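# A look at the structure
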Amino acid sequence: MTVIATESLSKRYPRVTALDRLTVDVTPGVTGLVGANGAGKSTLIKILLGLSPATEGRARVLGLDVATDGAEIRGLVGYMPEHDCLPPDVSATEFVVHMARMSGLPPTAARERTADTLRHVGLYEERYRPMGGYSTGMKQRVKLAQALVHDPKLVLLDEPTNGLDPAGRDEMLGLIRRVHTDFGISVLVTSHLLGELERTSDHIVVIDGGKLLRASSTSEFTQATASLAVEVTDREHDLLAMLDAAGLTVQASGHLLLVDIADDGTYDLVRDAVAQLGVGLARMEQRRHRIAELFTDETDETDETDAGDGAGTTPAAAGTAQEGDGRDAA
Ligand SMILES: Nc1ncnc2c1ncn2[C@@H]1O[C@H](COP(=O)(O)OP(=O)(O)OP(=O)(O)O)[C@@H](O)[C@H]1O
Ligand SMILES: [Mg+2]
């Protein structure tokens, strides 16, 4: 079953191609849509909501056609826009009740659902104060609450961690994960940070310049290039040469050797080589690449083929430049 399916979807503005023949299927669960600024993430979301027509191609959301069933889609889907859109002089409670009523809930249900949803996103006494005085974190929570209040089947969250400090980001990502685990709602969440979505998402879709770069499950992304971190008490250069001679791909990283795991035999080759050298084996552990690392490699290649296209930004550039929190996905 797919919740979102696009077929050769394009959106062209007079000066920019925002989406370029994008074909992708999104399955139930949490899906991260990753791309640098201008990659086309918000454009895709607006098309999926039936708010902006595609120039070419087709898209279905929960089986409905975005070109003809926009109103029905918006009844079943929750949307958290990327920009600040909250009226400053009403409270979170008033605003979310209003949004619930707009989605067709009767007054009593709207009030009850609003109280539940605001509690779920972690707004308590503050919910009666005008939103103009809220912090960015509180505003993002209200935006999430209004996307959830009518109990949608799917939510489209456009950069929900924007403007949050690291602790606020972690809380927001935890909330998003629970939207799926607690309520079974599927989530499409965008970010320009590869690293943060890898812990939250079951699947990752990466777009760049409106084109699909890659789509797969998060574990496939990181497992595909699993490596073995090997630390020996001495003679790591000799070990590197031996493993290299045995046909393994090995990189030195400080004291560590990172060995690409070809198959189960890789472990035996490392063990035998270490034994032959007669040194101590201080560590041998499997590591998963972080998604951002994969893209650093991949964009190096793309840069060569796409030289001169002038796009400038890449997901890897955005992901690695701004994250820098040193998390280890081992
Ligand atoms: N209404 C519009 N008219 C003209 N060009 C547009 C319009 N909306 C978006 N674009 C262009 O389309 C491209 C994709 O924009 P989009 O907002 O979808 O990117 P994004 O991935 O959401 O970026 P960001 O991370 O900055 O939010 C950009 O080059 C943008 O300038
Ligand atoms: Mg955007």
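Now for a description of the structure that goes with this document. Please read all numbers here as calculations on a predicted model, not as lab measurements. (Residues numbered from 1 in each chain as written. Chains lettered and ligands numbered in written order. Predicted model: local features only at pLDDT ≥ 70, side-chain atom pairs only at ≥ 80, totals over all residues.)

Once that is clear, we can look at the overall build of the protein chain. A count of helical and extended segments in the protein chain gives 12 helices and 14 strands. Considering the protein chain as a whole, with its 330 residues, one finds that 39% of them fall into the buried category. For the protein chain, contacts bridging at least 24 residues in sequence account for 70% of all contacts bridging at least 6. (Helix = DSSP H or I, 4+ residues; strand = E, 2+ residues; numbered from the N terminus. Buried ≥ 20, exposed ≤ 12 C-beta atoms within 10 Å, placed from the backbone. Contact = placed C-beta atoms within 7 Å.)

Bridging between strand β1 (residues 4-12) and strand β4 (residues 56-61) involves 5 bridges; their strand directions are antiparallel. Looking across to β4, one finds that Thr6 is bridged to Ala59. Sheet analysis places β1 next to strand β2 (residues 17-26), joined by 6 bridges and oriented antiparallel. Bridge pairing in β2 links Ala5 to Asp25. The turn joining β1 and β2, which pair antiparallel and follow one another in sequence, is formed by 4 residues. (Pairing = 2+ DSSP bridges.)

The environment of ligand 1 is formed by 13 residues, the closest being Tyr13, Ala18, Lys41, Ser42 and Thr43. At 3 residues, helix α1 (residues 41-48) tops the list of elements feeding residues into the shell around ligand 1. Classifying every residue of the shell around ligand 1 gives 4 nonpolar, 7 polar and 2 charged. (Near = placed C-beta within 6 Å. Nonpolar A, V, L, I, M, F, W, Y, C, P; charged D, E, K, R; others polar.)

Looking now at the nonpolar core. Counting residues in hydrophobic clusters, the biggest one holds 64 residues, and the most contacted among them are Leu48, Val96, Val155, Ile176 and Val187. Sequence-distant contacts of Ile176, that is, excluding residues within four places in its chain, are made with Val30, Leu157, Pro160, Val187, Val189 and Thr200. Core analysis: the next-biggest nonpolar cluster, separate from the first, contains 12 residues, Leu243, Leu257, Ala273 and Val274 among them. (Core = buried A, V, L, I, M, F, W, Y, C linked by C-beta atoms within 7 Å.)

With that settled, the discussion passes to the environment of Lys153. Mapped onto the elements of the fold, Lys153 is located in the loop between α5 (136-148) and β7 (154-157). With 125 residues separating them along the chain, Lys153 and Pro28 place their C-alpha atoms 9.7 Å apart. Lys153 has contacts with Leu62, Leu76, Ile185 and Ser186, leaving out every residue within four places of it along the chain.

The periodicity of an α-helix, 3.6 residues per turn, causes residues three or four positions apart to be oriented the same way. For helix α6 (residues 166-183), with 18 residues, the first-to-last C-alpha span of 25 Å sits near the 26 Å given by 1.5 Å per residue. Most pronounced at Arg177, the bend in α6 amounts to some 25 degrees. Of all the positions in α6, only Arg169, Met172, Leu173, Leu175, Ile176 and Val179 are classed as buried. If you follow the buried residues of α6, they end up packed against β3 (30-34), α5, β7, β8 (186-191) and α7 (194-200). After α6 finishes, the residue Gly184 shows a positive phi value of roughly 70 degrees. (Expected span 1.5 Å × (residues − 1). Bend = angle between axes of the 7 residues up to and from the residue.)

Let us now look at α1. Most of α1 is tucked away, with 8 of its 8 residues classed as buried. Considered for burial, the residues of α1 that qualify are Lys41, Ser42, Thr43, Leu44, Ile45, Lys46, Ile47 and Leu48. Positioned one or two residues after α1, Gly50 has a phi angle of 75 degrees, which is positive.

Here we take up the sheet that holds β4. Overall, antiparallel pairing links the 4 strands, which are arranged β2-β1-β4-β5 in an open sheet. What marks the edges here is a single partner per strand, and that holds for β2 and β5 (64-65). Contacts from α1 reach β1, β2 and β4 within the one sheet, and its direction differs from that of β1 by about 115 degrees. (Axes fitted to C-alpha atoms, helices over the stretch in contact; angles between N-to-C directions.)

Now for the packing of helix α9 (residues 236-245) against helix α10 (residues 265-277). Contact geometry for α9 and α10: axes closest at 10 Å, N-to-C directions at 135 degrees. Considering their axes alone, α9 and α10 lie oblique with respect to each other. The way α9 lies across α10 gives a crossing that is right-handed. Each of Asp238, Leu239, Met242 and Leu243 in α9 lies in contact with α10, whose residues at this interface are Leu269, Val270, Ala273, Val274 and Leu277. Among the residues making up the contact of α9 with α10, the classes are represented as 8 nonpolar, no polar and 1 charged. (Parallel < 35°, antiparallel > 145°, perpendicular 65-115°, else oblique. Left-handed = near helix turned anticlockwise from the far one by under 90°.)

Spatial strand order, β6-β7-β8-β3-β9-β10: 6 strands in an open sheet with mixed pairing. Every other strand in the sheet has two partners, leaving β6 (77-80) and β10 (211-217) as the edge strands with one partner each. Going across the sheet, the axis of each strand differs from the next one's by a mean of 15 degrees, ignoring polarity. Here β3 runs beside β8; their pairing, made up of 5 bridges, is parallel. Paired with Leu33 across the strands is Thr190, a residue of β8. Lying on the sheet, α6 is in contact with β3, β7 and β8; it crosses β8 at an angle near 160 degrees.

What follows is about unusual backbone geometry. Although it is not a glycine, Asp151 sits at a positive phi angle of roughly 55 degrees. Its location among the elements puts Asp151 in the loop between α5 and β7. With 16 C-beta atoms packed within 10 Å, Asp151 lands in the partly exposed category. The residue Glu159 is not glycine, and still its phi comes out positive at about 50 degrees.

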